[in-house]
Amino acid sequence: MRQNGISMHTLFLRFLKEMQNKGRLNYEAGYPLYKVSTFGIGGKAKYYVRPKTEEALIETVRAARQAEIAHIVIGNASNLLFDETGYFGAVISTVKISGVFSVDDESIGKNRLFAFCGAKLPVLSGRALQYGFTGFEGLCSIPATVGGALRSNAGAFGNEISDHLEYVKVFSEERDEAFLKSKAECGFSYRSSRVSENGEIILCACFSCEQRDKAQIADKMKLCKSKRSASQPTGVKSAGCYFKSPFPSEITDPRYGSASAGEIIDRCGLKGLTVGKAAVSDVHGNFIINTAEKGSASDVLKLAETVKETVYKKTGILLREEVVFVRNPGKRV
């Protein structure tokens, strides 16, 4: 595609250079995605872009759409598996849009916590502790950003990020406008939501909070961190829990009761199973880890499929992926 004899990629690159010169974003061409993925897997992105404000994020998305360049908006890439062939388009990261603050204003109500899309959950829970807000303790060790966590309704140890959500602000590419969505409109359920349906991009969120003694909040955070470090592998390259735990209604074999995905995988004897450089963790059955320096998405996908097939044959339970595979939308970068 060309415009006035100039390729659309050239026009998009001009946009990125101009925005970077103005200090509104950072970009790199041919950036290796394995460096930003907690899986340590991924080929090169044609463009890796980090806008510094929500306005710059919107302008970048608009520019990519206008240039008809494939694009994806990501957070900390903690539940993503990138194709090892790369991403022939723009990978737009929100990690620089990361503020978290409290506002006590009569016009919007008391005990409100605001977070931009790129804020990491440990920062969100830390700020909540600072202000004496409870309900975020279980999120303190999840490496996701607020935007990514809201898309999947991330949670742990009795807390989900949607628990105290009041509303989100999103940008719709289809409507080319930003607007607010209430919690009810977001359709939250276990590890799922409709908050970003129709390609809507999360910009920021507002939480209505409850106050509690800071010492109690701190003690609960310490307990959550301790439980996580005792039950999950540390110092490895993974995307956390690979599969969603099945609903009780999906379990027909009484021997498995309300078992989690990790417990089911463990009881099927799959811990330690490997395909290439991908392995099921010996510590937690629901963690697929990358044992290579860079790793292969193909190995991970083959191993995940083997786990699914084995579990289904032995239990009748069909596991569903929590990790999202990001395919390369075009030619090899």
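Residues numbered from 1 in each chain as written. Predicted model: local features only at pLDDT ≥ 70, side-chain atom pairs only at ≥ 80, totals over all residues. Heavy atoms only, no water.

### Regarding the sheet that holds strand β3 (residues 25-32)
Part 1 of the reasoning: One open sheet holds the four strands; their spatial order is β3-β4-β7-β5, and the pairing between them is mixed. Taken across any chain shown, the strands that pair with only one partner, and hence form the sheet edges, are β3 and β5 (71-74). For this sheet the average axis-to-axis angle between neighbouring strands, irrespective of direction, equals 25°.
Part 2 of the reasoning: Summarising the sheet, β5 and strand β7 (residues 87-93) pair through four bridges and their orientation is parallel. From the neighbouring strand, V73 faces β7, where its bridge partner is I92.
Part 3 of the reasoning: Here helix α1 (residues 8-21) sits on the sheet and contacts β3, β4 (44-51) and β7; the angle it forms with β3, its principal contact strand, is near 135°. (Pairing = 2+ DSSP bridges. Helix = DSSP H or I, 4+ residues; strand = E, 2+ residues; numbered from the N terminus. Axes fitted to C-alpha atoms, helices over the stretch in contact; angles between N-to-C directions. Contact = heavy atoms within 4.5 Å.)

### Examining the sheet that holds strand β20 (residues 278-280)
Part 1 of the reasoning: Within the open sheet, the four strands sit side by side as β17-β21-β20-β19. Their pairing is antiparallel. Edge positions in the sheet fall to β17 (237-241) and β19 (274-275), since each has one partner strand and no second.
Part 2 of the reasoning: The strands touched by helix α7 (residues 297-315) are β19, β20 and β21 (287-290); relative to β20, the strand with the most contacts, the crossing angle is about 30°.

### A short note on the packing of aromatic side chains
Part 1 of the reasoning: Scanning the entire structure with this criterion turns up nine aromatic pairs.
Part 2 of the reasoning: Arranged with centres 4.8 Å apart and planes meeting at 15°, the rings of Y31 and Y48 form a pair that is stacked. Taken together, the residues span a long stretch of sequence, with Y31 in strand β3 and Y48 in strand β4 at a distance of 17 residues. Per residue, the accessibility class of Y31 equals that of Y48, and both read buried.
Part 3 of the reasoning: Aromatic side chains Y190 and F247 sit 5.8 Å apart centroid to centroid with 75° between the ring planes, which places their arrangement in the edge-to-face category. Taken together, the positions of Y190 in the loop between β14 (177-182) and β15 (201-208) and F247 in the loop between β18 (243-244) and α6 (261-267) put the pair 57 residues apart, joining distant regions of the chain.
Part 4 of the reasoning: A relative accessible area of 24% means that Y190 is categorised as partly exposed.
Part 5 of the reasoning: Through a chain of ring-to-ring contacts, three or more aromatic side chains come together here, namely F12, F15 and Y47.
Part 6 of the reasoning: Over the face of the ring belonging to F179 we find R175, whose NZ or CZ atom lies 3.9 Å from the ring centre. (Phe/Tyr/Trp six-rings, centres within 6.5 Å; stacked < 30°, edge-to-face > 60°. Buried < 20%, exposed > 50% of the residue type's maximum accessible area, 1.4 Å probe, protein only. Lys NZ or Arg CZ within 6 Å of the ring centre and 35° of its normal.)

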